[in-house]
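Here's the letter readout for the chains.
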Amino acid sequence: MEEGDNSEDTQDYAAMLFDSALLNSGFSMDDPRKFAQRAYRLMRSGMGLKSLDLEPEIEIPEEEADEEEEFEEEEEEEAEEGEDEAAEQHDEL
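Residue numbers run consecutively from 1 along every chain, following the written order of its sequence. Restriction of local features to residues with pLDDT of at least 70 applies here, the model being predicted, together with a cutoff of 80 or more for giving and counting side-chain atom pairs; totals for whole chains, interfaces and linings are based on all residues. Just so you know, side-chain values use all the structure's heavy atoms and leave hydrogens and water out.

So, about the overall build of the protein chain. When helices and strands are counted, the protein chain shows 3 helices and 0 strands. For helices the rule is a DSSP run of H or I covering at least 4 residues; for strands it is a run of E covering at least 2, with both sets numbered from the N terminus onward. Each helix (α) and strand (β) of the protein chain, taken in turn from the N terminus, gives the series α-α-α. Expressed as a percentage of its 93 residues, the buried residues of the protein chain come to 11%. Throughout, the Shrake-Rupley method with a 1.4 Å probe supplies accessible areas, and for residues the shown protein chains are the sole cover considered. Summed over its atoms, the accessible surface of the protein chain is roughly 8,700 Å², and 47% of this surface lies on carbon and sulfur atoms. Throughout this description, buried means an accessible area under 20% of the type-specific maximum (1.4 Å probe, protein chains only), exposed means over 50%, and partly exposed covers the range between.

Here it is, written out as structure tokens:
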């Protein structure tokens, strides 16, 4: 941000800072809806998105869905093995 920058983002950041300080101090905001709208605009801007609207849900072919389930199962097994190893190391101490 440059000195004298009066962009919408700059105004949103200033208002967010003020509202965050209010909340942190135990006060309430006058308009929580505006706070949320500013937060969404700043997220959209910060992520370089045109919109925060959800895209329509897509159909995943059955074959891809099966592969994804297998991948998730493998991750769960690896996580459980890691927990078991950590418990064994802890017991050894």
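So, on to the nonpolar core. Residues belong to a common nonpolar core when they are buried Ala, Val, Leu, Ile, Met, Phe, Trp, Tyr or Cys residues joined through side-chain atoms within 4.5 Å. If you look at the biggest cluster of nonpolar residues, it comprises 5 residues: Met-16, Met-29, Phe-35, Ala-39 and Leu-42. Broken down by element, the residue count for this core peaks at 3 residues, all from helix H2 (residues 32-46).

Any Lys or Arg side-chain nitrogen located within 4 Å of an Asp or Glu carboxyl oxygen qualifies as a salt bridge. For the structure on display, the rule yields 3 salt bridges. The salt bridge partner of Arg-41 is Glu-8, with a shortest N-O separation of 3.5 Å. Here the residue Arg-41 occupies a position in helix H2, and Glu-8 occupies one in helix H1 (residues 8-24), the gap between them amounting to 33 residues. What makes Arg-41 partly exposed here is its relative accessible area of 22%. Overall, Glu-8 belongs to the partly exposed group, its relative accessible area being 48%. We note a salt bridge from Asp-12 to Arg-41, for which the minimum N-O separation is 2.8 Å. With Asp-12 in helix H1 and Arg-41 in helix H2, the pair connects residues that are 29 residues apart, well separated along the chain.

By definition here, a helix of n residues has an expected span of 1.5 Å times n minus one. For H1, spanning 17 residues, the distance from its first C-alpha to its last is 24 Å, which sits close to the expected 24 Å at 1.5 Å a residue. Those residues of H1 that sit buried are Thr-10, Asp-12, Met-16, Asp-19 and Leu-22. On the buried face of H1, the contacting elements are H2. One or two positions beyond H1, positive phi appears at Gly-26, with a value near 95°. What makes two residues a contact is simply this: any of their non-hydrogen atoms within 4.5 Å.

Here H1 crosses H2 at 130°, and the two axes come no closer than 10 Å. One way to sum up the angle between H1 and H2 is to call them oblique. Where H1 crosses over H2, the handedness of that crossing is left-handed. Taking contact as the criterion, the partners of Glu-8, Asp-9, Asp-12, Tyr-13, Ala-15, Met-16, Asp-19, Ser-20 and Leu-23 in H1 are, on H2, Phe-35, Arg-38, Ala-39, Arg-41, Leu-42 and Ser-45. To obtain each axis, a line is fitted to C-alpha atoms, and for helices this fit is confined to the stretch in contact; angles are then taken between N-to-C directions over 0 to 180 degrees. Orientation is classified from the angle alone, with under 35 degrees giving roughly parallel, over 145 giving roughly antiparallel, 65 to 115 giving roughly perpendicular, and any other angle giving oblique. With the far helix as reference, a near helix turned anticlockwise by less than a right angle produces a left-handed crossing, and one turned clockwise produces a right-handed crossing.

Any functional reading would require information that these geometric values do not contain.
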